[in-house]
Amino acid sequence: MKKLFLAAFAVFAFASVNAQDFNAGISGALPIGDAGDGWTFGVNLDLNYLWEVSDDFQAGVTAGVAHYFGDEISGFEIEDATFIPIGAAGRFAVSEEFTLGANLGYGIGIAPDGNDGGFYYSPRVQYGVSDSLDIVFAYTGISIEGGSFDAISLGVEFGL
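Computed from a predicted structure; not experimentally measured.

Definitions and limits used
- Residues numbered from 1 in each chain as written.
- Predicted model: local features only at pLDDT ≥ 70, side-chain atom pairs only at ≥ 80, totals over all residues.
- Heavy atoms only, no water.
- Pairing = 2+ DSSP bridges.
- Helix = DSSP H or I, 4+ residues; strand = E, 2+ residues; numbered from the N terminus.
- Axes fitted to C-alpha atoms, helices over the stretch in contact; angles between N-to-C directions.
- Buried < 20%, exposed > 50% of the residue type's maximum accessible area, 1.4 Å probe, protein only.
- Phe/Tyr/Trp six-rings, centres within 6.5 Å; stacked < 30°, edge-to-face > 60°.
- Patch = residues over 30% accessible without salt bridge, like charges linked within 9 Å, V, L, I, M, F, W, Y side chains within 5 Å.
- Areas by Shrake-Rupley, 256 points an atom, 1.4 Å probe, with all protein chains shown as cover.
- Salt bridge = Lys/Arg side-chain N within 4 Å of Asp/Glu carboxyl O.

**Q** Which residues make up the sheet that holds strand E1 (residues 20-32), and what are the values?
**A** The antiparallel closed barrel is built from eight strands, whose spatial order is E1-E2-E3-E6-E7-E8-E9-E10. For this sheet the average axis-to-axis angle between neighbouring strands, irrespective of direction, equals 25°. Alignment of strand E7 (residues 98-111) against strand E8 (residues 118-130), held across 10 bridges, turns out to be antiparallel. Of the residues in E8, the one forming a bridge with Thr99 is Gln126.

**Q** How would you summarise unusual backbone geometry if you had to cite specific residues and measurements?
**A** With an omega dihedral of -10°, the bond running from Ala111 to Pro112 counts as a cis peptide bond. A positive phi angle, near 50°, is found at Ser74, a position not held by glycine. Relative to the helices and strands, Ser74 resides in the loop between strand E4 (72-73) and strand E5 (76-77). By relative accessible area, Ser74 is classed as exposed at 80%.

**Q** Can you tell me about the pairing of E8, naming the residues and giving the values?
**A** The hairpin formed by E7 and E8 contains six residues between the paired strands, and Gly114 there has a positive phi angle of roughly 90°. Strand direction decides the pairing type here: E8 and strand E9 (residues 133-144), joined by eight bridges, are antiparallel. Looking across to E9, one finds that Val125 is bridged to Phe137. Remark: two residues form the turn of the hairpin made by E8 and E9, two consecutive strands paired antiparallel.

**Q** Which residues make up the packing of aromatic side chains, and what values do they have?
**A** With the rule as written, the count across this model stands at eight aromatic pairs. On the basis of an interplanar angle of 50° and a centroid distance of 4.8 Å, the ring pair of Tyr68 and Phe149 is categorised as tilted. Here Tyr68 is found in strand E3 (residues 57-70), whereas its partner Phe149 is found in strand E10 (residues 147-159), with 81 residues between them in sequence. By relative accessible area, Phe149 is classed as buried at 4%.

**Q** Let's hear about a nonpolar patch on the surface: which residues, and what values?
**A** A grouping of Phe22, Ile26, Leu45, Leu47, Val65, Ile84, Ile86, Tyr106, Ile108, Ile110, Phe158 and Leu160 is seen on the molecular surface, where their side chains present a nonpolar patch of about 1000 Å² in accessible area. Among the secondary structure elements, those contributing two or more residues to the nonpolar patch are E1, strand E2 (39-52), strand E6 (81-93) and E7. Tallying contributions element by element places E7 first for the nonpolar patch, with three residues. When you line up the elements, Ile84 lands in strand E6.

The following block contains the structure:
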């Protein structure tokens, strides 16, 4: 009975939402803070599925891959770091062109060995070039054991 109630609730909740927006993004990232000491550059791929809650607000889910290339320090090579961030996404349209947003969730640590991942957060500003293309500037942080893995990124997001 509980499963039936949850399934009915999900159907009505999703049916009451007006429109959906599926988009994908790619960005270049620059590790900062402690992460900047060991990693040189990163590439992020993101997928978002957002529902229109109101004319100016969308909420949904996000997932992606963040890969950072290790540096060489005093002849010692640092391994690349890879995370799979998954979580909730929110976007608020400030104007026709500008959107403020945030992603919150968990960044699953894939590499190197011992990378357990942690709490993931990513505030962002988006500029709409067209109906299906945005330029995105974001700050990403993943709380890891002993600190935080932080990066700033610039990229594009395509509506699909």
